[in-house]
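# Observations on the model geometry
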Amino acid sequence: QQPLQWSKTTLDSDVEEVLLEPGDFIVAMDYLMEKESLLLGSADGCLLLYNVEERTTEVVGRLEGGVKTIASSPDGALLSVTTGLGQLLVMTHDWEVLFETSIDPQSASACEINTSDGQIQSCVSWRGDGKHFATLGGFDGSPKKLTIWERESGKVHSSSDTRNFMGQSLDWMPSGAKVVTAHDRKTEGKCPLIVFYEKNGLERSHFSIEEPAEVVIQALKWNCNSELLAALVSCGQYDVIKIWSCSNNHWYLKQELRYTKNEGVKFSWDPTKPLHLICWTLGGEVIAHRFAWTTAVSETSVALVIDGPRILITPLHLGLMPPPMSLFFLAFPCAVNEVCFVSKNSKNHLTAYLSNGSLCVVELPATDTWEKFEGNGITVDPCHCDFSLNNSMHLTWIDTRTLIGICRFSDYCSSTPMRSSEAGNLEEKHDSLFFVNEIKLVCSEDCLPGSVSSSGWQARVSKRMPLEGPVIGVSRNPAKGGSAFIQLSGGKIVEYCSELRMTAPIQSGELCPDYDFPTSCPSMTAVPCHENGVVRTLLLGLDDSSKLHLGKRLLSNNCSSFTFYSSSYGATEQVVTHLLVTTKQDLLFIVDVNEIFLKNGQVTIDSHVNNHPRAKPSKEHITVWEKGAKLVGVLHGDEAAVIIQTTRGNLECMYPRKLVLVAIVQALVQRRFKDAMDMVRRHRIDFNMLVDYCGWKAFIKSAADFVNEVNNLSHITEFVCSIKNENVSGKLYEAYISFPEQCSSSMDSENLHGALSENKVTSVLMAIRKALEEQIEESSSRELCILTTLARSEPPLLEEALNRIKVIRELELHGVDDGRRKLYPSAEESLKHLLWLTEPEAVFNAALGLYDLNLAAIVALNSQKDPKEFLPFLKGLECLPPAIMRYTIDLKLARYESALRNIVSAGNEYHADCMELLNSNPQLFPLGLQLFSDPDKRHQILEAWGDHLFEEKCFGEAAITYQCCSSYQKSLKAYHACGDWRGVFTVTGLLNFTKEEILQLAQELCDEFQALGKPGDAAKIALEYCSDVDRGVGCYIMAREWEEALRVAYMHSRQDLVDTVKDAALECAALLISEYQEGLLKVGKYLARYVAVRQRRLSLAAKLQSEDRFMDVKDDNISEVSSSFSEMSAYTTRSTKESSASVISSSASKSRGSRRQKKAGKIRAGSPGEEMALVEHLKGMSLATGAQKELRSLLVVLTQLGKEDIARQVQLAGDNFEVSQMAAVKLAEDTMSTDKMDENAHTLEHYTKMLRAHQPAAGETSSWRIKALSPP
């Protein structure tokens, strides 16, 4: 806690004389809100009402014994007055006495008191809700009782034991929990106690003020939020105002304000502002102190706590000690009012400003050596100064030997004359009330390395500069030595530079365009950061309304505390990378500093607060489990810890996942693999993070460095067991950090190509295995780690692992007892380790695959297999010939290629088994042909292969395969089955068919092709093999190969066939003209239907969007709303109730819809897919390539036969249809991409004209047209 500013001005005051009797004087007063008047009480008992506005005085009554105290209830309805005779009166503001009683009900009545013994001193304090009030009364120096009264009845609620209470020190905490008073212990020779009582009159707790026994506590007062307790203590030479706060049931003395006896200081807390204290003196001086809570945790995570004349010091990176405990403390001559700390070049400097105006400096060694100070107290001597600083504040280090502080001009004095050189550094006399003092420090004693320098310091004021007004805060400029930012009242920022002779506002553009805060920010911090690779200073401020500012830019309007984190490791100057903010909803947000630079508005904190309830988990924030907890500091670098302090005072440490990942990434970038491994294990991060961040291909290149630096085989084994063949880290942590592009792209390509790409797990483990063999000495642990890399590969390399175990077993069997043998684990241990990592059945099969039956038996025994199952099987294998044993094992393991090789090597007597293996595994036929050189066996394999292909209906391949083994009859059958008539007649030549057989086969094929709808092939067979011209021309006409039919007719000089072709062409032309005209009408019909559906859909969507209920749709539901628009038909009425049945039966409805559409061939009106179905139908009406080829052939023949008019009509009809169809499709595509339809522009006629205007002269669209037949 530190003072922010003084407010000392000359106020205009009106003096109004109140007439009293001679010798009488005012002893008490209170302001009555309802009457807007001041109630005065005099020593003779007069009650006077002074009206502030009318400036009139009225005597309302007189009390016997004189007035002692006047106190109004918190609601202003009642008034309590005590007299010198010990009477208590409670009355209304209409002066109606509700009850009158003695302050001490057990004492004598007022009439029996001997006035010669003196008057009874008393005081009253109301509870915050006004239901009870407390009184304390009695003769000075005599024991008293604390009495609790009920408001309504006036009865005594409770009372305390008789104690030596001190004076009139009594105040009830505004929250109502405790009543504070003071106990006098002069008779015991001890200093007074501040004691807390509960409503039942029982003592709850107490603490000592640590002053001499002769001091007197004149007043005790709580601030309005019950957090601070202030006391006015009268000492021998001065009066002092002490301010305490409570944390973890310990009362810390945070401020001590000293005044001279002559000033006669009094004080009062502001009734609405909890950190404002108002003091006034007999000389008419009024000083308003504005305090603010400052978290004294340095950049090096050293926590400082002011506790009266001690500063408690705890380096948080060494351990969290619950307050009020600390690692060690510094002891000063008197109370500490302010402290500042700086750490540079492994040295730590601390300055404390004491309540007596002294300055103390301490130089501490590096924090790593502080453990030796544990539990010790270090005494600090004041500096030797030629000046005295009274009411100085905002002490700030700007260098290791230079301080600046803010003070008032009237408080600055020099006890000894200055030399001319020193006086020249000070400014001339100014009218400014506030000044900056620059203090130079010199240590006259030599400080040994690792020791504390707490004495021998000398200080002098080297420079003093004026300020424009009161100061809110001072923060050192970390990017510029000898410089500091000073915040004036209102948020204006000025920069103090030690080299300059005056202060000046920060120039626009030096840090950012507008750097002043819009309002005063009691909490201000300047930190260095990187922006585009350049170090700059970031200055943030938090005002009293919980708004966090960066200059005039508002970062958050919901901030309760903030701090910074730096991920830099080993750097001399830490550059912050993240801003940490807690909100009033007890949420912790971590914002990257780069996001602050990139975004112009508020950081995304406030939006997340609104969208995420406190109890709902989210990756965007962390829910702080204790309400009201605030940030006090962080542990930078690899620690990545956030320290918060609860309202009770306890310190709690958390490790946000985002900061941990940032620290791991920083370690990976700097190739500090051991540190990264330790953080991954400590915070339970997926081990794939070590591989995935920079990409597994890059990790392979660093595998040797990784193994060498980690140098812990158990950690490496744990890492090996966790590697997965996917980008695990990118999926788990992409919400916290951003991964490099090469990492995500490489993993995406791996997922796309699958087995075609390299295997991440196998490649990484191979690199680790190679590094282990090269970097780590041979040992049992290394061998087990290597076995782990083999077992965890994908697929597991079990055979290679078993081979390594086999080598160890052979060494054991041969009884080799050398040094190398001792470096390996036993075969049994290695095998158990392998079985623990892998499925026992897979290891057993791998042992069988090595054809080592003894090893397989050992594996089976160690895997707890039933001997009745594996022993007979292994004995049966042992009895077989070696080749057949290997063949049997290969069949069991489905290694068919190896089985084929082994069965072939077994000899001719097993050829039948070989053929059976080939027939059951057709993929082995190529290998079988390679293994056999005997022609007969090769032909047998080829014929079997051809039979397999024929069964698979690969007739073409089967025919060729049959020809390879001279099986022509089967080849003929295969050609016939696939419809290759050319191949059929080729094979007939190989089979030496007669002409009659060929003719009969040709006629059969001709009939067959004609029945199958292949008249073109039938025509060629009829002409080439049957010499039937009539049938050939007829088949060409059926195939609509008009040009070929006319050519054959003229080739054989058959005029009758020419006429036949002519009649068929004319008939086809008339049919095509009719079809194109009908198609033209269908295009117009379907397009009109599409336009109507589209218009109704757009109007319905516009109507739905205009409804109020759709205006409140959240962002995450917009996609659902838009998709529902696209799925709605123009005839569908939107229902606000979603149907779960429609979701469940979606697949079934799709299948039923497809079957119905195929069966009916129609587009159902009102269906959700009607619009798209109409467009697809229009596209399907286009002329196919085959139809275009037939049409051009017809046009050519009609022209050759002299029917140019008919050809021109056919071409015109086809052209009109094709252009209309293309125009309709273009219109539909254009309207699909827009939400508006133009009745004039979106018409078929308009698009047809536009298409004809841009129609190319030649190309794909006009390939079938004949230019000579085109209209002009």
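Residues numbered from 1 in each chain as written. Predicted model: local features only at pLDDT ≥ 70, side-chain atom pairs only at ≥ 80, totals over all residues. Heavy atoms only, no water.

## Details of the overall build of the chain
- Looking only at helices and strands, the chain has 39 helices and 53 strands in total.
- Relative to its full complement of 1272 residues, the chain shows a buried share of 47%.
- For the chain, the exposed area adds up to about 62,700 Å²; of that, 50% sits on carbon and sulfur atoms. (Helix = DSSP H or I, 4+ residues; strand = E, 2+ residues; numbered from the N terminus. Buried < 20%, exposed > 50% of the residue type's maximum accessible area, 1.4 Å probe, protein only. Areas by Shrake-Rupley, 256 points an atom, 1.4 Å probe, with all protein chains shown as cover.)

## Focus: the pattern of salt bridges
- Evaluated as defined, the whole model comprises 49 salt bridges.
- Between Lys806 and Asp852 there is a salt bridge, with the nearest N and O atoms lying 3.4 Å from each other. Taken together, the residues Lys806 in helix H14 (residues 798-813) and Asp852 in the loop between helix H17 (840-849) and helix H18 (853-862) connect sequence positions 46 residues apart.
- With relative accessibility at 22%, the residue Lys806 sits in the partly exposed group.
- Where salt bridges share partners, they join Glu211, Lys242, Glu256 and Arg258 into one cluster. (Salt bridge = Lys/Arg side-chain N within 4 Å of Asp/Glu carboxyl O.)

## Focus: the side chain of Gln487
- Mapped onto the secondary structure, Gln487 falls in strand S40 (residues 483-488).
- A polar contact of 2.6 Å, which involves the side chain of Gln487, links it to the backbone nitrogen of Cys521.
- Ignoring any residue separated from it by four or fewer positions in sequence, one finds Gln487 in contact with Pro470, Val471, Ile472, Gly473, Lys492, Ile493, Phe517, Thr519, Ser520, Cys521 and Met524. (Polar contact = N/O pair within 3.5 Å; in protein donor to acceptor, adjacent residues only side chain to side chain. Contact = heavy atoms within 4.5 Å.)

## Comments concerning the confidence of the model for the chain
- In this model, the chain carries a mean pLDDT of 83, and residues with pLDDT of at least 70 account for 86%.
- Note on residues 108-117: pLDDT under 50 across the span, and eight contacts to partners over four residues away in sequence or across chains.
- Across residues 747-757 the pLDDT falls below 50, and counting only partners more than four positions away or on other chains, this stretch makes nine contacts in the model. (pLDDT = per-residue confidence, 0-100.)

## Some thoughts on the packing of aromatic side chains
- Summed over the entire model, instances satisfying the criterion amount to 24 aromatic pairs.
- Relative to Phe133, the ring of Trp126 has its centre 4.7 Å away and its plane inclined at 40 degrees; by these criteria the two rings are tilted.
- Judged by relative accessible area, which is 8%, Trp126 ranks as buried.
- Overall, Phe133 belongs to the buried group, its relative accessible area being 0%.
- Between the aromatic rings of Phe207 and Trp251, the centroid separation amounts to 5.4 Å while the plane-to-plane angle is 20 degrees, which identifies the pairing as stacked. (Phe/Tyr/Trp six-rings, centres within 6.5 Å; stacked < 30°, edge-to-face > 60°.)

## Observations regarding helix H24 (residues 935-951)
- Over its 17 residues, H24 runs 24 Å from end to end, which matches the ideal 24 Å to within 8%, given 1.5 Å per residue.
- The complete set of buried residues in H24 reads Lys937, Ile941, Leu942, Ala944, Gly946, His948 and Leu949.
- Just downstream of H24 lies Lys953, where phi reads positive at about 65 degrees. (Expected span 1.5 Å × (residues − 1).)

## Some words on unusual backbone geometry
- Cis geometry marks the peptide bond from Pro323 to Pro324; its omega dihedral reads 5 degrees.
- You can see Pro324 is positioned in the loop between strand S26 (310-315) and strand S27 (328-331).
- In this structure, the amide linkage connecting Glu794 to the following residue, Pro795, adopts the cis form with an omega of 0 degrees.
- On the secondary structure map, Pro795 appears in the loop between helix H13 (780-791) and H14.
- Located in the positive-phi region is Ala640, a residue other than glycine, with phi close to 50 degrees.

## Some remarks on the sheet that holds strand S20 (residues 238-247)
- Taking strand neighbours across the sheet as the criterion, the four strands line up as S18-S19-S20-S21 in an open arrangement whose pairing is antiparallel. Two strands bound the open sheet, and with one partner strand each, they are strand S18 (216-222) and strand S21 (250-260). Strand-to-strand, the axes of this sheet are offset by a mean angle of 20 degrees, without reference to chain direction.
- In this sheet, S20 lies alongside strand S19 (residues 228-234) in antiparallel orientation, the contact comprising seven bridges. Residue pairing in the sheet places Leu229 in a bridge with Trp244 of S20. (Pairing = 2+ DSSP bridges. Axes fitted to C-alpha atoms, helices over the stretch in contact; angles between N-to-C directions.)

## With respect to the side chain of Thr181
- Within the secondary structure, Thr181 sits in strand S15 (residues 179-183).
- Beyond its immediate chain neighbours, meaning those up to four positions away, Thr181 contacts Leu136, Phe165, Ser169, Leu170, Leu193, Ile194, Val195, Tyr197 and Leu220.

## A closer look at the packing of helix H25 (residues 955-964) against helix H26 (residues 968-978)
- Look at H25 against H26: their axes get within 8 Å of each other, and the N-to-C directions meet at 165 degrees. If you check the angle between H25 and H26, you find them roughly antiparallel. Note that H25 runs across H26; the crossing there is left-handed. Contacts between H25 and H26 pair Phe955, Gly956, Ala958, Ala959, Ile960, Tyr962 and Gln963 from the former with Tyr968, Lys970, Ser971, Ala974, Tyr975, Ala977 and Cys978 from the latter.
- Residue composition of the contact of H25 with H26, by class: ten nonpolar, three polar and one charged. (Parallel < 35°, antiparallel > 145°, perpendicular 65-115°, else oblique. Left-handed = near helix turned anticlockwise from the far one by under 90°. Nonpolar A, V, L, I, M, F, W, Y, C, P; charged D, E, K, R; others polar.)

## Focus: the pairing of strand S9 (residues 97-102)
- Across five bridges, strand S8 (residues 87-92) lies against S9 in antiparallel orientation. In the sheet register, Met91 faces S9, and the bridge partner there is Val97.

## Some remarks on a nonpolar patch on the surface
- Residues Tyr31, Met33 and Val52 make up a contiguous nonpolar surface patch of roughly 300 Å² in combined accessible area.
- With respect to the secondary-structure elements, Val52 resides in the loop between strand S4 (46-51) and strand S5 (56-62). (Patch = residues over 30% accessible without salt bridge, like charges linked within 9 Å, V, L, I, M, F, W, Y side chains within 5 Å.)

## Examining the environment of His530
- Mapped onto the elements, His530 comes out in strand S43 (residues 523-531).
- A C-alpha to C-alpha distance of 8.3 Å links His530 and Asn594, two positions 64 residues apart in sequence.
- Setting aside its immediate chain neighbours within four residues, His530 contacts Val535, Val575, Asn594 and Phe597.

## Points about the environment of Trp149
- In this structure, Trp149 sits in strand S12 (residues 145-150).
- For Trp149, a relative accessible area of 1% translates into the label buried.
- Separated by 2.7 Å, the side chains of Trp149 and Thr135 make a polar contact.

## Let's talk about the sheet that holds strand S52 (residues 641-645)
- Taken in spatial order, the three strands line up as S51-S52-S53 in an open sheet, and their pairing is antiparallel. Edge positions in the sheet fall to strand S51 (630-635) and strand S53 (651-654), since each of these pairs with one other strand and no more. The mean angle between the axes of side-by-side strands here comes to 25 degrees, regardless of whether they run parallel or antiparallel.
- One ladder, built from five bridges, connects S51 with S52; its direction is antiparallel. Paired with Val634 across the two strands is Val642, which belongs to S52.

## Here's the deal with helix H30 (residues 1029-1038)
- Along H30, the residues that are buried comprise Val1029, Gly1032, Val1033, Cys1035, Tyr1036 and Ile1037.
- Where H30 is buried, its residues touch helix H28 (995-1011), helix H29 (1015-1024), helix H31 (1042-1051) and helix H32 (1055-1106).
- The backbone nitrogen of Asp1030 lies 3.5 Å from a side-chain oxygen of the residue at the head of H30, namely Asp1028.
- A positive backbone phi angle near 60 degrees is found at Arg1040, which sits one or two residues after H30.

## Considering the nonpolar core
- Residues Met689, Phe706, Phe719, Ile768 and Leu802 are the most contacted members of the largest nonpolar core, which totals 90 residues.
- When residues in this core are grouped by element, the largest group, nine residues, is from helix H4 (residues 657-669).
- Ignoring sequence-local partners within four residues, the contact set of Ile768 consists of Phe699, Ala703, Phe706, Val707, Ile716, Phe719, Val720 and Thr789.
- The next biggest cluster of nonpolar side chains, apart from the first, holds 75 residues, and it includes Tyr975, Leu1005, Ala1065 and Tyr1076. (Core = buried A, V, L, I, M, F, W, Y, C linked by side-chain atoms within 4.5 Å.)

## Considering the packing of H14 against helix H16 (residues 827-837)
- Relative orientation of the contacting elements H14 and H16 amounts to 165 degrees, with a least axis distance of 9 Å. In terms of orientation, H14 and H16 fall into the roughly antiparallel class. When the axes of H14 and H16 are compared, the crossing they make is left-handed. Side by side, H14 and H16 meet where Leu798, Ala801, Leu802, Ile805, Ile808, Arg809 and Glu812 of the first sit next to Ala827, Ser830, Leu831 and Leu834 of the second.
- Among the residues forming the contact of H14 with H16, the class breakdown is eight nonpolar, one polar and two charged.

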